[in-house]
Amino acid sequence: MVQKTRIALLLTATGKLLVSFLKKNYMAADNWQRVAVHINEIGFGNNQIAEVKLGGRKLCLAHHAGKLYAFAHKCPHAGGPMADGYIDALGNVVCPLHRYKFSMSNGHNVSGEGYFLRCWPVEIREDGIYVDMPRSRGWLF
Ligand code: FES
C-alpha cells in the first residue's frame, strides 16, 4: 500500500514537472519580439529588404506598399540569401539564385516549384516593430 502511494506521488510530481516544462517551452503564447524601435533603424537595401538578427536568429524584413514582412533569410530551395533578392511588382520576394518567387504574406511558392518560405507576422506598435517569431531554444530545438 505504501509502495503504491509512493509511486502515485512520484508519477504526480513527474507529471507536474513535465506539464510545466511543456507550457514554458512549447505553449508560450507570447513569441512577439521587438526587432526595432523605429522603422528608420532597419537598414533596408535598395531592394527594400534587410537582414536582421532577432534573439540570436537571422531573418529578413521587407518593406513593401506600406507594410512590413518578415521571412526566412535563406531560400528553402538551396539556401539563397533572400536579402539579396528583390520584390516583384506583385509584392512577392524573388530569390537571387534561381528566381523562385514567394509570397511575403504566407510563404507560398507562387512560381510553382513546391517550396515554402517561412514567414512570421509583423506588427508596428507604438513602442516599436515586433515579429511573432518563437525564440531559439538552443541546439536541441
Ligand atoms: S536557392 Fe532560391 S531559388 Fe534556388
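I will try to describe carefully the structure that is included in this document.

Procedures and definitions
- Residues numbered from 1 in each chain as written.
- Predicted model: local features only at pLDDT ≥ 70, side-chain atom pairs only at ≥ 80, totals over all residues.
- Pairing = 2+ DSSP bridges.
- Helix = DSSP H or I, 4+ residues; strand = E, 2+ residues; numbered from the N terminus.
- Core = buried A, V, L, I, M, F, W, Y, C linked by C-beta atoms within 7 Å.
- Buried ≥ 20, exposed ≤ 12 C-beta atoms within 10 Å, placed from the backbone.
- Contact = placed C-beta atoms within 7 Å.
- Axes fitted to C-alpha atoms, helices over the stretch in contact; angles between N-to-C directions.

**Examining the pairing of strand β2 (residues 49–54)**
Regular strands place side chains that alternate from one sheet face to the opposite one.
Consideration 1: Relative to strand β3 (residues 57–64), β2 runs antiparallel, the two sharing six bridges. Paired with Val52 across the bridge in β3 is Leu59.
Consideration 2: Hairpin connection, β2 to β3: the antiparallel pair is bridged by two residues, and Gly55 has positive phi, about 55°.

**Considering the pairing of β3**
Consideration 1: Where β3 and strand β4 (residues 67–71) come together, five bridges link them in antiparallel fashion. Of the residues in β4, the one forming a bridge with His63 is Leu68.
Consideration 2: Between β3 and β4, which pair antiparallel one after the other, the connecting turn spans two residues, and Ala65 there sits at a positive phi close to 50°.

**Quick notes on the nonpolar core**
Consideration 1: By size, the foremost hydrophobic cluster in this structure holds 28 residues, and its most contacted members are Cys60, Tyr69, Ala70, Phe71 and Met82.
Consideration 2: Counting residues per element, the ones that place at least two in this core are β2, β3, β4, β6 (92–94), β8 (119–120) and β10 (128–132).
Consideration 3: Setting aside residues up to four positions removed in sequence, Phe71 forms contacts with Leu59, Cys60, Met82, Val93, Met104, Gly107, Leu117, Arg118 and Cys119.

**Section: the sheet that holds strand β9 (residues 122–125)**
Consideration 1: Strand order in the open sheet formed by three strands is β1-β10-β9, and the pairing between neighbours is antiparallel. Edge strands, defined here as strands with exactly one partner in the open sheet, are β1 (32–36) and β9. Neighbour-to-neighbour, the strand axes of this sheet turn through a mean angle of 35°, independent of strand direction.

**Things to note about the sheet that holds strand β5 (residues 86–87)**
Consideration 1: Spatially, β5-β6-β7 is the arrangement adopted by the three strands of the open sheet, whose pairing is antiparallel. In this open sheet, the two edge strands, each paired with only one partner strand, are β5 and β7 (101–103).
Consideration 2: Pairing between β5 and β6: two bridges, direction antiparallel. Across the sheet, the residue bridging to Tyr86 is Val94, located in β6.

**A closer look at unusual backbone geometry**
Consideration 1: Phi at Gln48 is positive, roughly 65°, even though this residue is not glycine.
Consideration 2: Tracing the backbone shows Gln48 in the loop between β1 and β2.
Consideration 3: We note that Ala65 has phi near 50°; this positive angle belongs to a residue other than glycine.
Consideration 4: Tracing the chain through its elements places Ala65 in the loop between β3 and β4.
Consideration 5: Given 7 C-beta atoms within a 10 Å radius, Ala65 is considered exposed.

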